[in-house]
Amino acid sequence: MCLIIPEQYKTSLGVIQTQEAIKDLKDFFENKLGESLRLTRVSSPLFVLPETGTNDDLNGIEKAVSFEVPDMGKKAEIVQSLAKWKRMALKKYGFPVGKGIYTDMNAIRKDEELDNIHSIYVDQWDWELIINKEERNMQTLKEVVEKIYDVFKATENHVCSIYPEIKKVLPEKIAFVTSQELLDMYPGLTPKERENKVVKEKGAVFLMQIGKVLTTGEKHDGRSPDYDDWELNGDILFYNPVLDNALELSSMGIRVDEKSLDKQLKMSGCNERRELDYHKALLEGKLPYTIGGGIGQSRICMYFLNKAHIGEVQVGIWPNEMVKECKEAGIHLL
């Protein structure tokens, strides 16, 4: 457990006011996101069958929560994200190029290390947009990131107009930096230290090419090999003045095509996945080319409402020691 207690922390909003603000903020952001990217809201699964290959391994090491379904004689898994399921859904529903879907994704990630921004419960907007194969490039990625950043800016304006005690802090533009460029800028720092350093300077950064091996022989961070193209992905990071560090609000990217999936499965030693339904369909060219990602709902609320702990905007379970320390510091966990 690694808990940060900000000095002289005092929340801008009380518990009831916070609950009201959470709904308003989420409704506003969701509507703006759908309009900006031409997305239709759809229902999504809470659990999937592992043999379909639609669950996600995230960094490649997290294990999904699973349970037996007696009537089927099979094991089901709680989703960890919907990156692969969304692509299958777009094909199944017959969406055209230039349009996509978004959904409320609720997940359990039991292996998370609990702290100010990590909970075992995950709530995010998962979105996916169909693109042409020719659009699988850096320009498309940056254009979509800028559209999403405009939604963040509009949300900040909206929140601050209702709660004047909350001040605007986002810069006018988001900066684009690759993981290798970040390493070259701060070679003596750890990956997290590099992120903290760059967001303090820029305010908002899209850190690109997560998962690929850098010149040090290591990765900036892990990524499962079968959803994002490691050359065309990234994380949206904001400087969080309450905790004085980087806050990741979204992980996204242009998804793998046949070539990049084949390459990344080989590099990761995951060739056995080729026999799963999702991977077979993708390698055979039966799925649409897409860009997509997840945007953390509770983290957005935490950021825009100036909260020190994700438990202030989300009901969760926490170690007794953490609960005690938070209470003493005026951090009201729901």
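Scroll up to find the structure.
Residues numbered from 1 in each chain as written. Predicted model: local features only at pLDDT ≥ 70, side-chain atom pairs only at ≥ 80, totals over all residues. Heavy atoms only, no water.

For the chain, the helix and strand inventory stands at nine helices and eleven strands. Reported as C-alpha extents along the three principal axes, the dimensions of the chain are approximately 55 × 50 × 40 Å. Here the chain holds 334 residues, and the buried ones make up 53% of them. Summarising the internal contacts of the chain: among those between residues at least 6 apart in sequence, 72% fall at separations of at least 24. Accessible area for the chain stands at about 15,300 Å²; split by element, carbon and sulfur atoms hold 51% of it. Of note, the chain has its 45 positive side-chain charges centred 3 Å away from the centre of its 54 negative side-chain charges. (Helix = DSSP H or I, 4+ residues; strand = E, 2+ residues; numbered from the N terminus. Buried < 20%, exposed > 50% of the residue type's maximum accessible area, 1.4 Å probe, protein only. Contact = heavy atoms within 4.5 Å. Areas by Shrake-Rupley, 256 points an atom, 1.4 Å probe, with all protein chains shown as cover. Lys, Arg positive; Asp, Glu negative; His and termini not counted. Charge placed at Lys NZ, Arg CZ, Asp CG, Glu CD.)

What follows deals with the sheet that holds strand β6 (residues 121-130). Ordered in space as β1-β5-β6-β11-β10-β9-β8-β7, the eight strands form an open sheet in which the pairing is mixed. In this open sheet, the two strands that pair with only one neighbour each are β1 (39-41) and β7 (175-178). With direction set aside, neighbouring strand axes in the sheet form an average angle of 25°. Sheet topology places β1 next to strand β5 (residues 100-108); three bridges connect them, and they run parallel. Bridging from a neighbouring strand, Arg 41 pairs with Tyr 102 of β5. (Pairing = 2+ DSSP bridges. Axes fitted to C-alpha atoms, helices over the stretch in contact; angles between N-to-C directions.)

On to helix α2 (residues 83-93). Taken together, the buried positions of α2 are Ala 83, Lys 84, Trp 85, Lys 86, Arg 87, Ala 89 and Leu 90. Next to the buried residues of α2 lie β5, β6, β10 (245-255), α7 (277-283) and β11 (290-296).

Before going further, it helps to spend a moment on the pattern of salt bridges. Under the definition given, this model contains 26 salt bridges. Notably, a salt bridge pairs Glu 51 with Lys 74, separated by 3.3 Å at the nearest N-O pair. Separated by 23 residues along the polypeptide, Glu 51 in the loop between β2 (47-48) and β3 (66-69) and Lys 74 in strand β4 (residues 74-78) bring together distant segments of the chain. Since its relative accessible area comes to 34%, Glu 51 is described here as partly exposed. The residue Glu 275 makes a salt bridge to Lys 280 at a minimum N-O spacing of 3.9 Å. Glu 275 sits in the exposed class, given a relative accessible area of 56%. Residue Lys 280 is classed as partly exposed on the basis of its relative accessible area, which comes to 36%. Because the salt bridges share partners, they merge into one network encompassing Lys 86, Asp 126, Glu 128, Asp 228 and Arg 255. (Salt bridge = Lys/Arg side-chain N within 4 Å of Asp/Glu carboxyl O.)

Turning our eyes to something else, we now look at the nonpolar core. Ranked by internal contacts, the top residues of the largest apolar core, which has 58 residues, are Trp 127, Ile 148, Phe 152 and Met 252. Sorting elements by how many residues they give to this core places helix α3 (residues 138-162) first, with nine residues. For Ile 148, the contacting residues outside a window of four places in its chain are Leu 33, Leu 37, Trp 127, Ile 236, Met 252 and Ile 295. Listed in part, the twelve residues of the second largest apolar core include Val 79, Leu 82, Ala 89 and Leu 90. (Core = buried A, V, L, I, M, F, W, Y, C linked by side-chain atoms within 4.5 Å.)

Attention now goes to the packing of aromatic side chains. For the structure shown, the criterion picks out nine aromatic pairs. Pairing Phe 176 with Phe 206 gives two aromatic rings, centres 6.0 Å apart and planes at 70°, and the pair type is edge-to-face. Of this pair, Phe 176 sits in strand β7 while Phe 206 sits in strand β8 (residues 204-208), placing them 30 residues apart in sequence. According to the relative accessible area criterion, Phe 176 is partly exposed, its value standing at 22%. A ring pair is formed by Tyr 303 and Phe 304, whose centres lie 5.1 Å apart and whose planes are at 75°; its orientation type is edge-to-face. For the pair Tyr 303 and Phe 304, one class covers both residues: buried. Over the face of the ring belonging to Phe 176 we find Lys 142, whose NZ or CZ atom lies 5.4 Å from the ring centre. (Phe/Tyr/Trp six-rings, centres within 6.5 Å; stacked < 30°, edge-to-face > 60°. Lys NZ or Arg CZ within 6 Å of the ring centre and 35° of its normal.)

Residues Leu 46, Phe 47 and Phe 67 make up a contiguous nonpolar surface patch of roughly 270 Å² in combined accessible area. Tracing the backbone through its elements, the reader meets Phe 47 in strand β2. Take Phe 47: its relative accessible area is 45%, and that puts it in the partly exposed class. (Patch = residues over 30% accessible without salt bridge, like charges linked within 9 Å, V, L, I, M, F, W, Y side chains within 5 Å.)

When you line up the elements, Gln 264 lands in helix α6 (residues 258-268). Taking relative accessible area as the criterion, Gln 264 reaches 3% and is therefore assigned buried. Not counting the four nearest positions on each side in its chain, Gln 264 is found in contact with Pro 225, Asp 228, Asp 229, Trp 230 and Val 256.

Okay, the sheet that holds β2 next. The three strands lie next to each other as β2-β4-β3, forming an open sheet whose pairing is antiparallel. The open sheet terminates on both sides in strands that have one partner only, identified here as β2 and β3. As paired elements, β3 and β4 share four bridges and run antiparallel to each other. Its bridge partner being in β4, Glu 68 is matched across the sheet by Lys 75.

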